[in-house]
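Residues per chain are reported as follows:
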Amino acid sequence: MKKNMDMSRRGFLKMAAMTGTAMCIEPALNKVTAAEKALNGQRQATNNIPAGMAAVRTQRTLGSGKAAFTVSAMGYGCMGLNHNRSQHPSEDKEIALVHEAVERGVTLFDTAESYGYHVNEKLVGKALKGHTGHVFVSSKFGHKFVNGVQVKTEEDSTPANIRRVCENSLHNLGVETLGIFYQHRIDPNTPIEVVAETCGELIKEGKILHWGMCEVNADTIRRAHKICPVTAIQSEYHLMHRTVETNSVLAACEELGIGFVPYSPLNRGFLGGLINEYTRFDTTNDNRHTLPRFQPEAIRANTRIVEVLNAFGRTRGITPAQVALAWLINKRPYIVPIPGTTKLSHLEENLRACDITFTAEEMDELEKAVTAIPVVGSRYDKLQESKIQK
Ligand SMILES: NC(=O)c1ccc[n+]([C@@H]2O[C@H](COP(=O)([O-])OP(=O)(O)OC[C@H]3O[C@@H](n4cnc5c(N)ncnc54)[C@H](OP(=O)(O)O)[C@@H]3O)[C@@H](O)[C@H]2O)c1
């Protein structure tokens, strides 16, 4: 192979995808693979973090074999930086916050086409400009848009739409390769095999490193994984919503060697303990006002659960948000939560949860205390719930 130290990142990663992690770029470079290069970059960045600084210093591997993807043990959910989580700081402040996350070891940033229809992707692209040597952005396809407006009753995972979204995401984010490209919701009119095949082609073309799906059932995961190995499932999972433990999704991930990325790991902020029945959500930029679980009566009832987290955390010197995140981190070694925040203080608090270890007895105690309290209100409205695979 021609020695070319200026090889583009896409070319580099494309070959990594085609040949797996054993790709050699040049014998003289001691067989440094793209995956190893990224991992070394992550490790180097981690080593540079000053002692005592709130940071994520450990990595986790999502997926296995050729689909293995090593990232920071906690990612950053970028949606709420400017979409669906009410008020947010100025763009400069948000960009500075993303830079703080990079400096503190976060290497997995999560966004989607649908978060403000390109608006969130563009912000993340601006923020990560110059940092994408060792950090990765995941995005999502599959919602149907006509002239920039979402058609909420339909999904679109046709190969043409997947490719269109991919090109837009790469452009908006200013990267040559997406870390993970997820199907946002299942499209009943496009078999998952077709989706998997299309994502497999995008991997070969070097446009995405890995792929995954959101809110799918175990059967879909198995069918998809046969066509193109899946790196991660991204579904809602936290102390107030543990369906993936009972519907075989987590078991399928474990059996097939697929990673799991819990979204809304703080239950959209609720488990952080700062939301109460008087909290008003911005009806123009926050979906929580439409969700049954965020109606005042439900919030009032569910505050008992936050109180359990408060009590559990008080004797250990940690906050309810840290209890919630550390519970996920301690649950399985292939789990990488992606909490979102607009505040440095919360970012620091959340990242410190990566260093908290619970014993099996503590996990049991916490789970028993939480499950003793019934959760009031469903997480989604009827239309959104109908898009979740049971
Ligand atoms: N695949 C999907 O279908 C899907 C669906 C939803 C979300 N997601 C992904 O998951 C990410 C996170 O989800 P999310 O934003 O819905 O929920 P989340 O991470 O559970 O909660 C975010 C909310 O929690 C608050 N918060 C963060 N840290 C806190 C702390 N330490 N103490 C108190 N409050 C705290 C934030 O407010 P402050 O800004 O005040 O900190 C923010 O409003 C999103 O960014 C998105 O990437 C994916």
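Residues numbered from 1 in each chain as written. Predicted model: local features only at pLDDT ≥ 70, side-chain atom pairs only at ≥ 80, totals over all residues. Heavy atoms only, no water.

A.B. asks: Got a minute to help me understand the overall build of the protein in this structure?
C.D. replies: A count of helices and strands for the protein gives 14 helices and eleven strands. Its C-alpha radius of gyration of 20 Å places the protein within 12% of the 21 Å reference for a compact globule of 390 residues. Overall, the C-alpha framework of the protein stretches about 65 × 50 × 45 Å when taken along its three principal axes. By sequence separation, contacts in the protein at least 24 residues apart represent 74% of the contacts at least 6 residues apart. Accessible surface computed for the protein: about 16600 Å², of which carbon and sulfur atoms make up 53%. Here the protein contributes 46 positive and 42 negative side-chain charges, whose respective centroids are spaced 2 Å apart. (Helix = DSSP H or I, 4+ residues; strand = E, 2+ residues; numbered from the N terminus. Rg over C-alpha atoms; globule rule 2.2 N^0.38 Å. Contact = heavy atoms within 4.5 Å. Areas by Shrake-Rupley, 256 points an atom, 1.4 Å probe, with all protein chains shown as cover. Lys, Arg positive; Asp, Glu negative; His and termini not counted. Charge placed at Lys NZ, Arg CZ, Asp CG, Glu CD.)

A.B. asks: When you look at the UniProt feature "domain: NADP-dependent oxidoreductase" (unreviewed entry) in the protein in this model, what are you seeing that I'm missing?
C.D. replies: On the UniProt side, "domain: NADP-dependent oxidoreductase" (unreviewed entry) is annotated at positions that read residues 74–369 here. In residues 74–369, helix accounts for 42% and strand for 15%; the two terminal C-alpha atoms are 25 Å from one another. (UniProt positions renumbered as here; feature names shortened; annotations may be inferred.)

A.B. asks: Where do I start with the pattern of salt bridges in this structure?
C.D. replies: Side chains carrying opposite charge are able to pair once their charged atoms draw close together. As enumerated under the stated definition, the model contains 26 salt bridges in all. The network of salt bridges with shared partners includes E215, E236, R268 and R379. (Salt bridge = Lys/Arg side-chain N within 4 Å of Asp/Glu carboxyl O.)

A.B. asks: Honestly, the sheet that holds strand β5 (residues 136–141) in this entry has me stumped. Any pointers?
C.D. replies: By definition, the strands of a sheet pair up through backbone hydrogen bonds, in either a parallel or an antiparallel sense. Read across the open sheet, the seven strands follow the order β3-β4-β5-β8-β9-β10-β11; overall the sheet is parallel. Each edge of the sheet is formed by a strand with only one pairing partner; in this case those strands are β3 (76–77) and β11 (259–263). The pairing of strand β10 (residues 232–236) with β11 spans five bridges and is classified as parallel. Bridge pairing links Q234 to V261 in β11. Across the sheet, helix α5 (residues 159–173) lies against β5, β8 (178–183) and β9 (208–214), angled at about 140 degrees from β8, the strand it touches most. (Pairing = 2+ DSSP bridges. Axes fitted to C-alpha atoms, helices over the stretch in contact; angles between N-to-C directions.)

A.B. asks: For this particular structure, what's the right way to read the site of the ligand?
C.D. replies: Near the ligand, the surroundings consist of 31 residues, among which L266, T341, T342, K343 and H346 are the closest. In this structure, G340 approaches the ligand through a main-chain N or O atom, which is 2.9 Å from an oxygen atom. Here the shell around the ligand gets three residues from one element, more than from any other, and that element is helix α12 (residues 344–352). Across the shell around the ligand, the residue classes tally to eleven nonpolar, twelve polar and eight charged. (Near = heavy atom within 4 Å. Polar contact = N/O pair within 3.5 Å; in protein donor to acceptor, adjacent residues only side chain to side chain. Nonpolar A, V, L, I, M, F, W, Y, C, P; charged D, E, K, R; others polar.)

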